[in-house]
Every structure is written in structure tokens, then in C-alpha cells.
Amino acid sequence: MEDRIAATLREDPTMATLVDRHGRLAIEPADDEFTRLCTSIVNQQLSTASAAAIHERFVGVLGGDPTPDRVLAADEDALRGAGLSRTKVEYLRSAAEAFRDGDGDLTREGFAGHDDDAVVDRLTEIRGVGEWTARMYLIFALGREDVLPLGDLAVRKGIEQVYNGGDDLTRDEMRAIAEPWRPYRSYGTRYVWAEYES
């Protein structure tokens, strides 16, 4: 994390405390966007521990990191045996087909000229990719720095815990809290996650 980002986040005294506590956290594009998208699909509606275990078994079934060809060639029963629901198997296959047929349009280069909302619109055309998965893709696959994924339960609970003693906040109140983090809300999000999970 660069000094200018830390300086922006530190303008919020509460966030400054989190930066001190958790050190420098990075937002970087993934080495492979498809692999990252698969991780987000596997992680949908699962605890961190469950998701990690299922993801490890999923990669084992594939015989390596996910590629569109590996996902499409994998035996459905073996994928189910790894802990994936029938629905998630369908979602992973839909994503694999979109990447296989997409001619690079779903990669960082393909999305280079698109703003975040346009990326979300395009990704959510893929069966099984909703708003949450698309926002995770913006942060963790594309390395976009100003994403506030309020569809993520841990982000909402984390903001409530850190900024409001655990009491409920509306999404508008959360957006207002995150306003001083602009244009680095993805970093602010990472600090909220780090605090919530610690």
C-alpha cells in the first residue's frame, strides 16, 4: 500500500487505528482472473473455513488451478463429492463457458476501458454471478481500488462493529462512513474485513 493511500485512509481516525493495527494491506490484480472468479463462486454463502476446505478439494478434483477446460472436463459427481452443490457446479461451468467463449473480454485487459458498474453489468450476465461475486471480482481479480461491497455480510457487520459498537446501520449510513476513504474504498474494505475476522 502506497503512502498516498495510507494518508487518505488516515484522514478517518477510526480507519487510522485499523491501519496501525493491521499494517499494510494490498489490493492487487489476480494472476489469473478465471481462477479468482472460481474462488468467489465457491465462497458464495459459506464461512471462511468451509469455503477454504471445499476450494482445496475442488482444486484437487481438477488436478490443478481452475481453467475453463479443467472445469468443463471435470466429473460432476467428483465435484459434488468435493462439497459443491449441484447449483454451484452449474455456476462454475457457466463461468468456464463464458471465459472460454469470451475472447479475453472478461480479463483485466478486456475490462480496461470499463468502469466498475459496466464490469458488474457484464459479469452478472453469467449465470451464478450476482452483485456480490462481481464486486469480489472487481477487488480481487481486477485490483480495482475504489469498491465498497455492501452486499458482503462481513463488510456490513465489520462496519457496524468498528463504527457503531455493533449496532445496526443502514447502507446509506455505511456509504457515508466510507466516503472519506475515496478513492481507495477497496483498501478500507480490506481493513474492515481484517478487523472483523481478527
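Residues numbered from 1 in each chain as written. Predicted model: local features only at pLDDT ≥ 70, side-chain atom pairs only at ≥ 80, totals over all residues. Heavy atoms only, no water.

Right, let's get into the side chain of Arg144. Within the element layout of this structure, Arg144 appears in the loop between helix H9 (131-141) and helix H10 (153-164). With a relative accessible area of 18%, Arg144 lands in the buried category. Within the local environment of Arg144, its side chain forms a polar contact with the backbone oxygen of His114, the two atoms lying 3.0 Å apart. Discounting residues that sit within four places of it in the chain, Arg144 has contacts with Ile27, Phe111, His114, Asp115, Asp116, Val119, Leu138, Ile139 and Ser186. (Helix = DSSP H or I, 4+ residues; strand = E, 2+ residues; numbered from the N terminus. Buried < 20%, exposed > 50% of the residue type's maximum accessible area, 1.4 Å probe, protein only. Polar contact = N/O pair within 3.5 Å; in protein donor to acceptor, adjacent residues only side chain to side chain. Contact = heavy atoms within 4.5 Å.)

Summarising the element assignment, Asn164 is placed in helix H10. The class for Asn164 is partly exposed, based on a relative accessible area of 29%. Separated by 146 residues in sequence, Asn164 and Leu18 place their C-alpha atoms 15 Å apart. Residues in contact with Asn164, not counting those within four places in the same chain, are Ile159 and Leu169. Here the side chain of Asn164 touches Asp168 through a polar contact of 3.3 Å, landing on its backbone oxygen.

Tracing the chain through its elements places Gln44 in the loop between helix H3 (33-43) and helix H4 (48-62). Classification of Gln44 by relative accessible area gives buried; the value is 12%. Put simply, Gln44 and Ala6 are 38 residues apart on the chain and 30 Å apart in space, counted from C-alpha to C-alpha. With near-sequence residues (within four places) excluded, Gln44 lies in contact with Lys88, Tyr91, Gly128, Trp132 and Thr133. Separated by 2.9 Å, the side chain of Gln44 and the backbone oxygen of Gly128 make a polar contact.

This part takes up the layout of surface pockets. Rolling a probe over the atoms, with the probe sized like a water molecule, indicates the empty space that remains. Taken as a whole, the largest pocket spans an internal volume of roughly 900 Å³. In terms of lining residues, the largest pocket is bounded by 33 residues, among which Asn43, Leu46, Thr48, Trp132 and Asp152 are the most central. Examining the composition of the lining of the largest pocket, we find that five residues originate from one element, helix H12 (residues 185-197), more than from any other. Looking at the lining of the largest pocket residue by residue, the class counts come to 14 nonpolar, 12 polar and seven charged. As for the second largest pocket, its lining consists of 13 residues, and the residues nearest its centre are Glu131, Arg135, Leu148, Pro149 and Leu150. (1 Å grid on protein atoms, 1.4 Å probe; cavity = no way out; pocket = protein on both sides within 12 Å on 5 of 7 lines; lining within 4 Å. Points joined across faces, edges and corners; volume = space filled by probe spheres on them. Nonpolar A, V, L, I, M, F, W, Y, C, P; charged D, E, K, R; others polar.)

Turning to the pattern of salt bridges, a few remarks are in order. Per the stated rule, a full pass over the model turns up 17 salt bridges. In this structure, Glu179 and Arg182 form a salt bridge, with 2.8 Å as the shortest nitrogen-oxygen distance. Residue Glu179 is classed as partly exposed on the basis of its relative accessible area of 41%. Within the structure, one salt-bridge network assembled from shared partners comprises Asp146, Glu179, Arg182 and Arg185. (Salt bridge = Lys/Arg side-chain N within 4 Å of Asp/Glu carboxyl O.)

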